[in-house]
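Architecture at a glance
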Amino acid sequence: MQKKRWRKLGFLRRVLTCAIALISLVALFSAHLHLFFPPSQVSMLPDPYKLPTQHEIQYQKLSRERSWIQPHLSKAPLPALKLDGANRSLESNKLWKPPPNRDFTPCVEPTSSYLAPQESRGYLLVHTNGGLNQMRAGICDMVAVARIINATLVVPELDKRSFWQDTSNFSDVFDEDYFITALANDVKIIRKLPKELMIATRAVKHFRSWSGIDYYEQEIASLWDDYQVIRAAKSDSRLANNNLPPDIQKLRCRACYEALRFSPRIEAMGKLLVDRMRSYGPYIALHLRYEKDMLAFSGCTHDLSIEEANELTAIRENTSYWKVKDIDSTEQRAKGYCPLTPKEVGIFLRALGFPPTTPIYIAAGEIYGGDSRMADITSVFPILMKKEKLATVEELDPFINHASQMAALDYIVSVESDIFIPSYSGNMARAVEGHRRFLGHRKTISPDRKLLVRIFDKVANGTMKEGKKLSSRIIEMHKRRQGSPRKRKGPISGTKGTDRFRSEEAFYVNPLPDCLCQKESTENENITTAVIR
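Okay, so let's go over this structure. (Residues numbered from 1 in each chain as written. Predicted model: local features only at pLDDT ≥ 70, side-chain atom pairs only at ≥ 80, totals over all residues. Heavy atoms only, no water.)

**Let's talk about the sheet that holds strand β10 (residues 419-422)**
A sheet is described by the order of its strands in space; here four strands give the open sequence β9-β8-β7-β10, paired in parallel fashion. At either end of the open sheet lies a strand with only one pairing partner, and these are β9 (384-385) and β10. Direction of pairing for strand β7 (residues 284-287) relative to strand β8 (residues 360-362): parallel, over a ladder of three bridges. Counterpart to A285 in the pairing with β8 is Y361. Against the sheet, helix α18 (residues 403-415) makes contact with β7, β8 and β10, and its axis sits at roughly 155 degrees relative to β8, the strand it touches most. (Pairing = 2+ DSSP bridges. Helix = DSSP H or I, 4+ residues; strand = E, 2+ residues; numbered from the N terminus. Contact = heavy atoms within 4.5 Å. Axes fitted to C-alpha atoms, helices over the stretch in contact; angles between N-to-C directions.)

This is the structure in structure tokens:
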């Protein structure tokens, strides 16, 4: 009997010991759990026996899809560091602050002497050439040419034979109805040539580049004596940048910035992309022109492999309408004629003071070299977004196989960005810069590539390091390259002929003074009026 009692007592001791050990283990596990997860998150840990709701499934899917863009944020600064945080906030405000617009506003209304379109002398057919922005500028110039020669403009034909092989028609890219009605008081525009003139003999002309009004009023208008239809074989750079009548310059601006809207479908998708970028905060639109066609055309092979350089050379040699074939890449880069590489852009942005959390929209097609070429900038600025990451496959499907329509989406997001930075001064960079000037001189930082490549080479060979000294130098270089108001630059001194026109700043890069006027406020008997000059 005594033995039984001791056995029971021993058993109870063992049970008690096990219970104490179990309680200790639970306490130890709880301590570790709070160490790795904040208390607020412990209560949120999922119940392994509870199925997630449909809302939770969608949220988890979205989180997985976008997890790569979430920046690593450090803990909130301690109270002792609040002043440093305030300084950072001031620096951030300075980074995003637009340049002063000095009260310049659009002034594109025609003068009092401007007349409605006179009776048409014939029809102007236009074959545009180049990519989206080259075609846009050409279309607007041809509106002006139609006015000068008193022609009925047939809705221009878009280029379907260029490098991009885009089959889009005018109405696929632009709002055709609005284009016709918006310019009704300037030029008569029709959708198609009348049937009776379809087989009529046409005067096919390559209009002379950068021509003035006399050329069109005399040489081209004289063709109406023998022809009812004139066909412009090309549209790019066919009208002078300067020294045209004020009403013609204003018409070019009305055509470009008011009449030539994108199609409703493109406008809607562009707005959606802008809204989604805005959800990340103020953003930079980076026109990263590091694409195969640009590298092949410009002959820029810096930092590329021999195989890649050979591929680009072969593309250039096999593209018949690219006239220059033999290009020295080193010389091109030294002159500032090459687009900055993704790595160089990363150094540039960091030197300007942009933090890693800066949202950046990549306005470009496929980057040459893909993700491996983007690795250097992605590692520093992880919130890099593109159309393909902001929109679903279904949303982009109507545009995906049309280069001009995809470029139009990039154009919209770029024009609406807080800061626009082009890595190369190509057609899109110039068009976006001009449009942003017209809309109030929105901040556009234009990298000085010629000076920058010297700095980048020093960083690469170790004679200069990234830091305050390099940052101060790059910031100083770009103080006057941020899109503030200034008059359009004229030709380089000493240049003649075509080179003289080529050296001018293009009309659509900077529509000041022709289409932007400065308002002055004057007070007279407590009434404020605006004086335009």
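**Let's talk about the packing of helix α5 (residues 132-148) against helix α9 (residues 246-259)**
At their nearest, the axes of α5 and α9 sit 9 Å apart, and the two run at 135 degrees to each other. Compared by their axis directions, α5 and α9 come out oblique. At the point where α5 passes α9, the crossing takes the right-handed sense. For the pair α5 and α9, the contacting residues are R136, C140, D141, V143, A144, R147 and I148 in the first and I248, L251, R252, A255 and C256 in the second. (Parallel < 35°, antiparallel > 145°, perpendicular 65-115°, else oblique. Left-handed = near helix turned anticlockwise from the far one by under 90°.)

**A short note on the state of the cysteines**
Counting across every chain of the model gives three disulfides. Residue pairing for C107: its cysteine sulfur links by disulfide to C517, the two sulfurs lying 1.9 Å apart. Judged by the torsion about the S-S bond (80 degrees), the C107/C517 disulfide is right-handed. Within this pair, whereas C107 is found in the loop between β1 (104-106) and β2 (123-126), its partner C517 is found in strand β11 (residues 516-524), the two being separated by 410 residues in sequence. (Disulfide = S-S within 2.5 Å.)

**Some thoughts on the packing of aromatic side chains**
Tallied over the full model, the rule gives twelve aromatic pairs. Ring centres of W210 and F501 lie 6.4 Å apart, and the angle between their planes is 20 degrees; on these two criteria the pair is classed as stacked. Taken together, the positions of W210 in the loop between β5 (202-205) and α8 (213-220) and F501 in helix α22 (residues 497-502) put the pair 291 residues apart, joining distant regions of the chain. Assessed through its relative accessible area of 33%, F501 is described here as partly exposed. Between Y215 and Y216, the aromatic rings sit 5.0 Å apart at their centres with planes inclined by 80 degrees, giving edge-to-face as the arrangement. Taken individually, Y215 and Y216 each receive the classification buried, so the pair is uniform in this respect. Site record: aromatic cluster; members linked through ring pairs are F170, F174, F179, F262 and Y411. (Phe/Tyr/Trp six-rings, centres within 6.5 Å; stacked < 30°, edge-to-face > 60°. Buried < 20%, exposed > 50% of the residue type's maximum accessible area, 1.4 Å probe, protein only.)

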